[in-house]
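Examining the three-dimensional arrangement
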Amino acid sequence: MAMRVSDPLRVRRDGRAAHRGKGRTDRRSRHRTHGPNRKGRSPMPPALQGRAQQAKSQKHSRCRNLYGRLNEDVLRDCWQAIRQEAAYGVDRVSAQEDEHTLEGNIRHLVDRLRRKRSRATLVRRHSMPKGDGRVRPLGIPAVEETLVQMAVTRRLTAIDEQDFLRWRYGDRPHVGARDAVDTLTSKLPCGRDHWGVEADSPGCFDTIDQEWMRRMVAERLEDRALVRLIKTWRKAGVLDTDGTVGHPATGTPQGGTVSPILANISWHYALDRWCEQVVKQHWTGEACLIRDADDEVCAFEKQKDAERCSTVLGQRVRKCGLELAGDKTRMRPCSRQPAAAPTRFEVLGCEVRWGKDRAGKAHLKRRTSRPK
C-alpha cells in the first residue's frame, strides 16, 4: 500500500499547530457549512449597510436625510459602475467624453443638488426591435443624470430590498431570470402543482401610475427633497426620433437607471404583498408564485385556485394603476399526469414541459423558447 506524504506541520511560539500545504485552500467545499461565496460581488458601502440594517429591523420605519448624502464621494464611487460605452443622451455627451472633466462636473453637480437647482433634461427616445416584430421604446437620460440616478438607486435598493419577498426575481442584486426558471423547474417536480397561470404586463415601465408610484416610494422614505428629485425625472419630457417632445402622464422611462427599482417598489405593494397577505389565505391547496419583473407564473394544486387567481389578478393590478396583457394571461395544465390539453408553457424565454426520461418516468424538461 502506497503511503501518502502528509503536509508539513509547523508549531507556533505559543505551542499551537499551524497546518500549511495542500489542506490550506481558498476554495469552498460544498460539504462545509459556510455562507454563499460572494467573490466578484461589489460590497455595500458602510453607510448603506446601516440603512439596510435599520430598514430590516424596523419594518415600519421611514428613512430620512438621503438627499443630503449625495456628495462628491458618493457620485465618484457611482461613476465606477457606469458603462463607458453606454449610449449618450440629448446632450450628445458620452461617458468617455465626460470623464475628461469628471471632477469639475461632479463639483458643479453637487453644488446644484445642495441648492436644489438641479433640473431634469429631456430623455432621448430610442426604439429597440423585439423578436415579434414590435419595438421596445427606451428612454436614455444624459450621463450626468445617470450618475445621480445611480446614487439614488443604491439608496432605494438598500432600503426596499429588505421588504422584497424571496420569490421575487428580476432587477435585483445577484438574482435574475435564470434563477427564477431554476426555482420553478425545481419546485414543480417536488410539489403537487397541476395548474399554472401565466401573467404579463404590456409596457411595464410605461403604464405605471405615477401617483401610485409616489405613494409607494413614500412608504419607506421620508425625504421630501429626494421624492421631489424623483418626480422631476418622471415628469421630464421625452425627445422622440422625429424631433417632437412628449410629456407622458404615466410610467417611468425604460432605460433610466432608477426605473427598475421604482417599478419593483410599485409591483411589490400592488401584487407581491397582496398575494402574500390576502390571496394566500384563500388557497385550498399547494401553490407556488414566482415573478420576474412584470412576468409572473403561479402554480396551483387545485384548479379552482388557479381559476380564482386568473380572475382576481387583473382586477387587483388595475386598481393600482397597472395592466395585464390579455393575450399573455392564461391558465394551463402543468401536471405530470397525461392530460387532454398540452402541458407546455413558456416562461422568461424558456419552454417548460412534462415528458419522460430514458427510464420512462415523468420528467420536467426545459429548453430555450423556439421564438428566442
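Definitions and limits used
- Residues numbered from 1 in each chain as written.
- Predicted model: local features only at pLDDT ≥ 70, side-chain atom pairs only at ≥ 80, totals over all residues.
- Heavy atoms only, no water.
- Helix = DSSP H or I, 4+ residues; strand = E, 2+ residues; numbered from the N terminus.
- Buried < 20%, exposed > 50% of the residue type's maximum accessible area, 1.4 Å probe, protein only.
- Areas by Shrake-Rupley, 256 points an atom, 1.4 Å probe, with all protein chains shown as cover.
- Pairing = 2+ DSSP bridges.
- Disulfide = S-S within 2.5 Å.
- Core = buried A, V, L, I, M, F, W, Y, C linked by side-chain atoms within 4.5 Å.
- Contact = heavy atoms within 4.5 Å.
- Salt bridge = Lys/Arg side-chain N within 4 Å of Asp/Glu carboxyl O.

**So, the overall build of the protein**
- Within the protein one finds eleven helices and 14 strands.
- Counting every position in the protein, which comprises 372 residues, the buried fraction comes to 41%.
- Surface exposure of the protein reaches about 22,400 Å², of which carbon and sulfur atoms provide 48%.

**Points about the pairing of strand 10 (residues 295-300)**
- Among the six residues that make up strand 10, five are buried, leaving the element largely enclosed by the rest of the structure.
- In this structure, strand 6 (residues 195-200) lies alongside strand 10, joined through six bridges in antiparallel fashion. Paired with Glu-198 across the two strands is Val-297, which belongs to strand 10.
- With six bridges connecting them, strand 9 (residues 287-292) and strand 10 associate as antiparallel partners. Each bridged residue has a counterpart across the sheet, and for Cys-288 the counterpart in strand 10 is Ala-299.
- Where strand 9 hands over to strand 10, the hairpin turn is made up of two residues, of which Ala-293 adopts a positive phi near 55 degrees.

**Thoughts on the sheet that holds strand 4 (residues 135-140)**
- Ordered by their spatial adjacency, four strands build an open sheet running 4-3-7-8, and the pairing between neighbours is mixed. Sheet topology places strand 4 and strand 8 (245-246) at the edges, where each strand pairs with a single neighbour.
- With two bridges connecting them, strand 3 (residues 123-129) and strand 7 (residues 238-239) associate as parallel partners. Note that in strand 7 the partner of Val-123 across the bridge is Val-238.

**Observations regarding the state of the cysteines**
- Counted by the stated rule, this structure contains zero disulfides.
- Free cysteine: Cys-275, not disulfide-bonded; nearest cysteine sulfur from Cys-298 at 6.3 Å.
- Of the residues examined, Cys-275 reaches a relative accessible area of 3% and is grouped as buried.
- Note on Cys-298: relative accessible area 1%, which makes it buried.

**Considering the nonpolar core**
- Residues Leu-147, Val-152, Leu-156, Leu-226, Leu-229 and Ile-230 are the most contacted members of the largest nonpolar core, which totals 65 residues.
- Not counting the four nearest positions on each side in its chain, Leu-147 is found in contact with Leu-75, Cys-78, Trp-79, Ile-82, Ile-106 and Leu-109.
- In this structure, Cys-288, Ile-290, Phe-345 and Val-347 belong to the second largest nonpolar core, which totals 14 residues.

**A short note on the pattern of salt bridges**
- Under the criterion given, the structure shown has 14 salt bridges.
- When the shortest N-O distance is used, the salt bridge between Asp-163 and Lys-59 registers 3.8 Å. Here Asp-163 is found in the loop between helix 5 (143-160) and strand 5 (168-169), whereas its partner Lys-59 is found in the loop between helix 1 (46-57) and helix 2 (72-79), with 104 residues between them in sequence.
- Assessed through its relative accessible area of 16%, Asp-163 is described here as buried.

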